[in-house]
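Survey of secondary and tertiary structure
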Protein chains: 2
Amino acid sequence: MVENPIRFGVMGCAEIARKLARAIDFAPNAVLYAIASRSIEKARNFAATNGLHEAVKIYGSYDELLDDPCVDAVYMPLPTRLHVHWAVLVARKKKHLLLEKPTALDVAELDRILQACELNGVQFMDGSMWLHHPRTTKMKELLSNFGQLNFIHSQSTTSATPEFFQSNIRVQPDLDALGALGDLAWYCIGAILWAKDYQLPTAVTALPDVIRNSAGVILSCTASLQWDQLDRAVGTMHCSFLSHTSMDLAISASKGSLHVKDFIIPYQEHSASLDFTLGAKFVNLHIGWNVQPEELHVASQLPQEALMVQELARLVEGIRKSKSRPDVKWPETSRKTQLVLDAVKKSIDLGYRPVNL
Amino acid sequence: MVENPIRFGVMGCAEIARKLARAIDFAPNAVLYAIASRSIEKARNFAATNGLHEAVKIYGSYDELLDDPCVDAVYMPLPTRLHVHWAVLVARKKKHLLLEKPTALDVAELDRILQACELNGVQFMDGSMWLHHPRTTKMKELLSNFGQLNFIHSQSTTSATPEFFQSNIRVQPDLDALGALGDLAWYCIGAILWAKDYQLPTAVTALPDVIRNSAGVILSCTASLQWDQLDRAVGTMHCSFLSHTSMDLAISASKGSLHVKDFIIPYQEHSASLDFTLGAKFVNLHIGWNVQPEELHVASQLPQEALMVQELARLVEGIRKSKSRPDVKWPETSRKTQLVLDAVKKSIDLGYRPVNL
C-alpha cells in the first residue's frame, strides 16, 4: 500500500459493487473509505456480508457520502437513469468518478456529466474493466502487426433467469431503459471501437432481429458498424439476454486473425488466453493449413477491476500532485461508445435504417 | 475396393480437380476412370503431374468424356459460367453429377440443371465437402442439445495473392462472376442454413461494405440472414479475398455455444476439433466462469472429399441396384444455398435493401 492512497466511496450497493469493493481493496494505491446506500440497513448489511474492514464508513444516504471531504473518488453502480443526477453532483463535490456502464441513457446526458467533470477538474472513467487487463494490451500489440483490420465481430450474451426478467434493473424501463443494448453491447461496441483505435464508424445499422420485453426494453439485438470508403471495414455486434453465456471478439485483418472467447470476463482471474494466426496458408492440395492458431496466455497479478481502480487512482494522484488537467482519453472513449450505442438505438427506432455519424 | 465401384470422370483440370482426383482414389466405392480437358496436352500433363494410374482414360474434349458409356458420374470443377451448359449435358447422358460450388450464376440456371438431373434420374450433389466430415455430424448432434439457435456467425476469408487478382477465374466477370460471394460465401451461407436445418430465412440484407475489383466482381462482402418473428434468429456472414485466412463458425443458442475456426478445411486432414460450452455461468462475484469450453477432437479415417465422393457413389449404387429415385436432400440443400446467395446479390444490387424470401 502506498502512502496516501486514493480514498474511494462506493455509491450504491448493487451486486457489482461487491466485485468493485474487493478490487479497490486489491489496488495498491486505493483504499475503500466509505460505502453509501439509500438506507443505512442496506449499507450495513452490505458491509457485513462482504466482510468490509471496520474502518470503512457506512452512510445511509448518497448525500452524506458526497459531503465527506475525505472521499477522493466515487464508484457509482447506480441504475443508468440515476447517473446524470448523481454523477454531476459527484463532480461538483470535486470527487473523481468511476461510473458503471452504460454511462448514461444517451450522449446528451453523458455530456452533462463530462462537462461537470471537466469544469471541476475531476477525472472521469467508465467501468469497462476489460480494457485494463494486460491481455487487452497484448492484443493491441499483436494487432499492430496485422495490417488493415477488415472485419470485427463482437458479441456478449447471457441466458438470464426468470427472476432476472422479473426484477432485474436491466430490464426495467424506468431504471436501465437500454436493456441488453446498454448492459452487454456497451462492451461489444467498446471492443470494436478499441480495435479501430476509436475511429468512429461512418454509419451504424441495426438488424431487424430486436426482441423486447413487454415493457419495450431490448432483450436482444444485432447491429453493424461501417467505416467509410477508404478502408471499408465493418464490425458486427450481437447482444442478448436470451442466449447462453458468450463473450466473443474475433478480428480479421489483411495479415492475421485473432479470437478471444472471454474478452469481457476471462475464464479465470489470474490468466487469460487469446488465439491468433499469422501467415496462414493452405498446404499443397488445400488439404490442411500450414499453421494452427497460436494460443497465448497472459498472466494478471491483479484482477482487471483492481487494475482499473489502480489506473484511476494513478491519474487522480497525478492531478493532485501536479495540479494537471484530467486525462482526456477515458472520457473520450466513453463518449464514442455512447455515441455508437445511441446510433444503434436510433437505427432500431427508425426501422433499421442506417444512421450516419 | 468394392466390386463394381462407381466410375468417375473428371471434367476440367482445375487446381481443385487434383484434390478430388485424390479423393476419388481414396473412396472405397469409387474409381477415377477418366479425365478430360479442352486440350489433350493439358489432360496428359494433369495425369502425369498428379501421378494418375495408367488405366485412367485421358480425353482432349469434354464431349468425349460424356460419350464414354463407362463413365457413371462426373465431377465438374469448371468455371461457374459454364456449369449450366455442361451440367445439363451430363444429366442428359445419364451420368450422375458432383458439381463444384457455386452451383450456378443464379437459381434459374441451377433449376435447369436440377430439372435435367431429375428428368434423367441422376443424382445431384454440390462440392460442399465439409458437410461430409464426421465433425459436422458431431456438431449437429451437439446442437440438438443447445435449445433454440439464436445467433450464427460464419465467415470465410483468404488473403489472395497479386497473381490471383490478375488471373484467377474467381475474379473474372465472364467466368466466376459471383467472386468471393460465389466462392467463399457459398460455405458461409451453407453453414448458417445447415445450422438452421435448412429452414430458409425470411429476409436477407447485405451490409454496405462491398468491395469490388475494377471489373465489378465482388472481392469482399457481408450480409445478415433473418428468420421470422416466431424464432427471430439471425445469422451474419462475411466473405473476403482481402483478409487473412479464416473459416469461422460460431453458434449461440439458448443453452450452449459452439466455435469452430476451420469449418471448411480442417487444420489437419485426419482430425478436426470443435469447442463447445454448455451450462456456463459466472462464478461468485463474476470474477470468472464455472466452465471453460470443452474441446472435442473428431477423427476422420478418410479425407472429407473422399467421404463426399463415397456418399455420392453410395447413392448412385442405390439408384443402380434398386432403380430408385435420386435422393432429394442434396439438390434441395444446394438450391436453398443458391437462393440465399442470390438474395445477398440482389440486396447489394438494390443498395443494401432487405430481400424477402
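Thresholds applied
- Residues numbered from 1 in each chain as written.
- Chains lettered and ligands numbered in written order.
- Predicted model: local features only at pLDDT ≥ 70, side-chain atom pairs only at ≥ 80, totals over all residues.
- Heavy atoms only, no water.
- Pairing = 2+ DSSP bridges.
- Helix = DSSP H or I, 4+ residues; strand = E, 2+ residues; numbered from the N terminus.
- Axes fitted to C-alpha atoms, helices over the stretch in contact; angles between N-to-C directions.
- Contact = heavy atoms within 4.5 Å.
- Buried area = accessible area lost by both parts, 1.4 Å probe.
- Salt bridge = Lys/Arg side-chain N within 4 Å of Asp/Glu carboxyl O.
- Polar contact = N/O pair within 3.5 Å; in protein donor to acceptor, adjacent residues only side chain to side chain.
- Phe/Tyr/Trp six-rings, centres within 6.5 Å; stacked < 30°, edge-to-face > 60°.
- Buried < 20%, exposed > 50% of the residue type's maximum accessible area, 1.4 Å probe, protein only.
- Lys NZ or Arg CZ within 6 Å of the ring centre and 35° of its normal.
- UniProt positions renumbered as here; feature names shortened; annotations may be inferred.
- Domains from an automatic or database assignment.

**Let's talk about the sheet that holds strand β4 (residues 73-76) of chain A**
Through backbone hydrogen bonds, the strands of a sheet pair up, either in parallel or in antiparallel fashion. Residues and elements named next belong to chain A. One open sheet holds the 6 strands; their spatial order is β3-β2-β1-β4-β5-β6, and the pairing between them is parallel. Taken across any chain shown, the strands that pair with only one partner, and hence form the sheet edges, are β3 (57-59) and β6 (124-126). Going across the sheet, the axis of each strand differs from the next one's by a mean of 25°, ignoring polarity. Here 3 bridges tie strand β1 (residues 6-11) to β4, and the two strands are oriented parallel to one another. Looking at the pairing, glycine 9 lines up with valine 74 of β4. Taken strand by strand, helix α2 (residues 40-49) contacts β2 (30-36) and β3, and its axis lies near 150° from that of β3. Packing against the sheet, helix α4 (residues 83-92) makes contact with β1, β4 and β5 (96-99), and its axis sits at approximately 170° to β4.

**Observations regarding the interface of chain A and chain B**
Every contact between the two is made by 57 residues of chain A and, on the other side, 57 residues of chain B. Taking both sides of the interface into account, the surface hidden between chain A and chain B amounts to around 5,200 Å²; carbon and sulfur atoms contribute 59%. Linking chain A with chain B are 2 salt bridges, by the criterion used here. Note that lysine 261 of chain A is salt-bridged to aspartate 275 of chain B, the shortest N-O span being 2.1 Å. Our enumeration of links across chain A and chain B arrives at 30 residue pairs in polar contact (both at pLDDT 80 or more). If you list the elements that add at least two residues to the side of chain A that touches chain B, you get α1 (15-26), β7 (149-157), β10 (218-226), β11 (234-240), β12 (246-253), β13 (256-260) and β14 (271-278) of chain A.

**Observations concerning the packing of aromatic side chains**
Using the criterion set out here, one finds 14 aromatic pairs over all chains in the structure. Their ring planes at 75° and their centres at 5.7 Å tell us that tryptophan 130 of chain B and tryptophan 194 of chain B sit as a pair that is edge-to-face. Here tryptophan 194 of chain B lies in helix α9 (residues 185-195) and tryptophan 130 of chain B lies in the loop between β6 (124-126) and α6 (134-143), a separation of 64 residues in the sequence. A single burial state applies to tryptophan 130 of chain B and to tryptophan 194 of chain B, both of which are buried. Directly above the aromatic system of tryptophan 194 of chain A lies the positively charged group of lysine 140 of chain A, at a separation of 4.7 Å from the ring centroid. Across the ring face of tryptophan 227 of chain B, the terminal group of lysine 196 of chain B is positioned such that the distance to the ring centre comes to 5.1 Å.

**With respect to unusual backbone geometry**
All names here are of chain A. Between lysine 101 and proline 102 the backbone carries a cis peptide bond, its omega angle lying at -10°. Of note, proline 102 is situated in the loop between β5 and α5 (107-119). One non-glycine residue, aspartate 197, lies in the positive phi region at around 50°. Counting through the fold element by element, aspartate 197 comes out in the loop between α9 (185-195) and β8 (203-206). The phi dihedral of tyrosine 352 falls on the positive side, at around 75°, and the residue is not glycine. The residue tyrosine 352 is located in the loop between α11 (329-349) and β16 (355-356) in this model.

**Re the UniProt feature "domain: Gfo/Idh/MocA-like oxidoreductase N-terminal" (unreviewed entry) in chain A**
Under the UniProt annotation, "domain: Gfo/Idh/MocA-like oxidoreductase N-terminal" (unreviewed entry) lies at residues 6-125 of chain A. From the first C-alpha to the last, residues 6-125 of chain A spans 15 Å; its make-up is 42% helix and 22% strand.

**Details of the domain arrangement of chain A**
Residue and element names in this part refer to chain A. The domain boundaries assigned to chain A delineate domain 1 (6-128) and domain 2 (130-303 + 338-356). Computed from C-alpha atoms alone, the centre-to-centre distance between domain 1 and domain 2 is 27 Å. Contact between domain 1 and domain 2 buries roughly 1,700 Å² in total, counting both sides, with carbon and sulfur atoms accounting for 58%. We note a salt bridge from glutamate 269 to arginine 22, for which the minimum N-O separation is 2.9 Å. Elements supplying a minimum of two residues to the side of domain 1 that touches domain 2: α1, α5 and β6. Of the residues forming the side of domain 1 that touches domain 2, the biggest block, 3 residues, is contributed by α1.

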